[in-house]
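Results of the structural survey
Spelled out, the chains give:
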Amino acid sequence: MSVNDENSPADESPADEPTVKHEWDDPAAPLWNGLKYGVTGLGVLLVAGLLIFWPWKGTPGLWGVLIGAGIGGAFILITVITILLTRNALPAVVMGALMGSYLVKVVAAIAVTALIKDMDFYHKGALATTLIGAIIAVLGAELWGVMSTRQTYTDSDGTTAQ
């Protein structure tokens, strides 16, 4: 027969790591929601773009939408992913990672557009429309995700007037 002291608890979490039970207790919850809403917005835009440009312009429309969504969506979503990956680092490390990722994104966008500039396998109107739409849709969806996240706010200084 066993004694309760011999049985290990079912949920063993280290004492120095608090368990987050609610969204409002997690400081990264707005970023996770922004990422989730951003990916959803990009998916909706991708499907809408494919439904419009693929039947209308054929295979070039398909490629234009895919390239535009890839460039526009990746450009915006990589920023949120970088912040999430470095959220526990020093501010200088976070800023370095953000600036480094921005440099990589700009170089990649310039390289891709320079490579496909003279090619005719894609529809330029589909690419431009989807690229601009992806930037607007993903930024808007991320903003909505961040702003709609419930967070705990405390006024420790008592500076907020009632």
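Residues numbered from 1 in each chain as written. Predicted model: local features only at pLDDT ≥ 70, side-chain atom pairs only at ≥ 80, totals over all residues. Heavy atoms only, no water.

Regarding the overall build of the protein chain
To be explicit about the condition: Note on conventions: DSSP H or I runs of at least 4 residues are helices, E runs of at least 2 residues are strands, and numbering of each starts at the N terminus. In this scheme, a residue with accessible area under 20% of its type's maximum is buried, one over 50% is exposed, and one in between is partly exposed, where area comes from a 1.4 Å probe on protein chains only. Using a 1.4 Å probe, accessible areas were evaluated by the Shrake-Rupley method; residue-level cover was limited to the displayed protein chains.
The secondary structure content of the protein chain amounts to 4 helices and 0 strands. Sequence-ordered secondary structure for the protein chain, helices as α and strands as β, is α-α-α-α. By residue count, 28% of the 162 residues in the protein chain fall in the buried class. Here the protein chain displays about 11,200 Å² of accessible surface, and carbon together with sulfur accounts for 67% of that area.

Here's the deal with the UniProt feature "transmembrane region" (unreviewed entry) in the protein chain
Note the following rule: UniProt positions are given in the numbering used here, feature names are shortened, and annotations may be inferred rather than shown by experiment.
Per the UniProt entry, the sites bearing "transmembrane region" (unreviewed entry) are residues 37–56, 62–85, 92–116 and 122–144 in this numbering. Structurally, residues 62–85 is divided into 100% helix and 0% strand, and its ends, taken at the C-alpha atoms, are 33 Å apart. Taken end to end, residues 92–116 is 100% helix and 0% strand, and its first and last C-alpha atoms sit 36 Å apart.

Things to note about the packing of helix 2 (residues 59–85) against helix 4 (residues 124–147)
Cut-off, in case you're wondering: Axis definition: a line fitted to C-alpha atoms, over the contacting stretch in the case of helices. Angles run 0 to 180 degrees between N-to-C directions. Note that the term roughly parallel is reserved for angles under 35 degrees, roughly antiparallel for angles over 145, roughly perpendicular for angles of 65 to 115, and oblique for everything else. It is the rotation of the near helix from the far one that decides the hand of a crossing: anticlockwise by less than a right angle makes it left-handed, clockwise makes it right-handed. Working rule for contacts: check all heavy atoms of both residues, and any pair within 4.5 Å makes them a contact. Here the term charged refers only to Asp, Glu, Lys and Arg, the term nonpolar to Ala, Val, Leu, Ile, Met, Phe, Trp, Tyr, Cys and Pro, and the term polar to all other amino acids, Gly among them.
Contact geometry of helix 2 with helix 4 gives a least axis separation of 7 Å together with a crossing angle of 30°. The orientation of helix 2 relative to helix 4 falls into the category roughly parallel. The hand of the helix 2/helix 4 crossing is right-handed. Contacts from Gly61, Gly64, Val65, Ile67, Gly68, Ala69, Ile71, Gly72, Gly73, Ile76, Leu77 and Val80 of helix 2 reach helix 4 at Ala126, Leu127, Thr130, Leu131, Ala134, Ile135, Val138, Leu139 and Glu142. Of the residues in the contact of helix 2 with helix 4, the class split is 14 nonpolar, 6 polar and 1 charged.

Topic: the nonpolar core
For the record, the criterion: To form a nonpolar core, buried Ala, Val, Leu, Ile, Met, Phe, Trp, Tyr and Cys residues must be joined to one another through side-chain atoms within 4.5 Å.
In this structure, Ala28, Leu35, Leu42, Leu45, Ala69, Ile76, Leu77, Val80, Leu84, Ala134 and Val138 together form the largest nonpolar core, which totals 11 residues. Considering each element in turn, this core owes the most residues, 5 residues, to helix 2. Not counting residues up to four positions away in its chain, the partners in contact with Leu45 are Thr130, Gly133 and Ala134. Counting 6 residues, the second-largest nonpolar core is a separate cluster that includes Ile67, Ile71, Ala109 and Leu127.

Structural notes on the environment of Lys36
Checked against the element boundaries, Lys36 lands in helix 1 (residues 29–57). Assessed through its relative accessible area of 47%, Lys36 is described here as partly exposed. Expressed as a C-alpha distance, the spacing of Lys36 and Glu142, which sit 106 residues apart in the sequence, is 7.8 Å.

Looking at helix 2
This is how it is decided: Expected span, for any helix, means 1.5 Å times one less than how many residues it has. Bend, in this description, refers to the angle at a residue between axes fitted to the seven residues ending there and the seven starting there.
With 27 residues, helix 2 should cover 39 Å at 1.5 Å per step; its first-to-last C-alpha distance of 37 Å lies within 8% of that length. Where helix 2 bends most, the angle comes to about 30°, and this point is Ala74.

Some points on the environment of Val138
Checked against the element boundaries, Val138 lands in helix 4. Classification of Val138 by relative accessible area gives buried; the value is 0%. Setting aside chain neighbours within four positions, we find Val138 in contact with Gly38, Leu42, Gly73, Ile76 and Leu77.

With respect to helix 1
The terminal C-alpha atoms of helix 1, which comprises 29 residues, lie 41 Å apart, in line with the 42 Å expected from a rise of 1.5 Å per residue. The largest bend along helix 1 measures about 25° and falls at Leu50. Tucked inside the fold, the buried residues of helix 1 contact helix 2 and helix 4. Just past helix 1, the residue Gly58 takes up positive phi, approximately 75°.

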